[in-house]
Amino acid sequence: MGVRSDHVYNAAVGSIGLSVIAWLTSKKGEKSGSACADRWGIFVGTWAPTLFGLGNALHQYEQR
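Residues numbered from 1 in each chain as written. Predicted model: local features only at pLDDT ≥ 70, side-chain atom pairs only at ≥ 80, totals over all residues. Heavy atoms only, no water.

What exactly am I supposed to notice about the environment of Thr25 here?
Mapped onto the fold, Thr25 is located in helix H1 (residues 5-29). Overall, the relative accessible area of 52% leaves Thr25 in the exposed class. At 2.8 Å, the side chain of Thr25 forms a polar contact with the backbone oxygen of Ile21. (Helix = DSSP H or I, 4+ residues; strand = E, 2+ residues; numbered from the N terminus. Buried < 20%, exposed > 50% of the residue type's maximum accessible area, 1.4 Å probe, protein only. Polar contact = N/O pair within 3.5 Å; in protein donor to acceptor, adjacent residues only side chain to side chain.)

Can you walk me through the pattern of salt bridges in this structure?
Proximity of charged atoms lets side chains of opposite charge pair with each other. With the rule as written, the count across this model stands at 1 salt bridge. Between Arg4 and Asp6 there is a salt bridge whose closest N-O contact spans 3.8 Å. Residue class for Asp6 comes out partly exposed when judged on its relative accessible area of 38%. (Salt bridge = Lys/Arg side-chain N within 4 Å of Asp/Glu carboxyl O.)

Where do I start with the packing of aromatic side chains in this structure?
Both the distance between ring centres and the angle between the ring planes are used here to describe each pair of aromatic rings. For the structure shown, the criterion picks out 2 aromatic pairs. Ring geometry for Tyr9 versus Phe52: centroids 6.2 Å apart, planes at 40 degrees, classification tilted. One end of the pair, Tyr9, is in helix H1; the other, Phe52, is in helix H3 (residues 47-63), and 43 residues separate them in sequence. Geometrically, the ring pair formed by Phe43 and Trp47 is edge-to-face, given 5.6 Å between the ring centres and 75 degrees between the ring planes. (Phe/Tyr/Trp six-rings, centres within 6.5 Å; stacked < 30°, edge-to-face > 60°.)

Is there a simple way to explain a nonpolar patch on the surface in this structure?
Together, Leu18, Ile21, Trp40, Phe43 and Trp47 make up an exposed nonpolar region whose accessible area comes to about 510 Å². Only H1 and helix H2 (34-45) provide two or more residues apiece to the nonpolar patch. As for its placement among the helices and strands, Leu18 is situated in helix H1. (Patch = residues over 30% accessible without salt bridge, like charges linked within 9 Å, V, L, I, M, F, W, Y side chains within 5 Å. Areas by Shrake-Rupley, 256 points an atom, 1.4 Å probe, with all protein chains shown as cover.)

Would you take a moment to explain the environment of Ser19 for this structure?
Relative to the assigned elements, Ser19 resides in helix H1. Taking the relative accessible area as the measure of exposure, Ser19 reaches 11% and is therefore buried. For the pair formed by Ser19 and Ile42, sequence separation is 23 residues and the distance between their alpha carbons is 7.1 Å. Not counting chain neighbours up to four residues away, the residues in contact with Ser19 comprise Gly41, Val44 and Gly45. (Contact = heavy atoms within 4.5 Å.)

Have a look at this one:
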């Protein structure tokens, strides 16, 4: 499909930055307080381990 492990690793690192940006943006924009902002940051932050795992699997597949 053309997706390499490097692409997935970069997406994982990007999701970490996106998590911080989502948390800061939600914290400033939401009237419901920091609880909602925390949930947004955690939601996006859970993508990173999944993407790192996929990147690792692709890297092992590329080695064969």
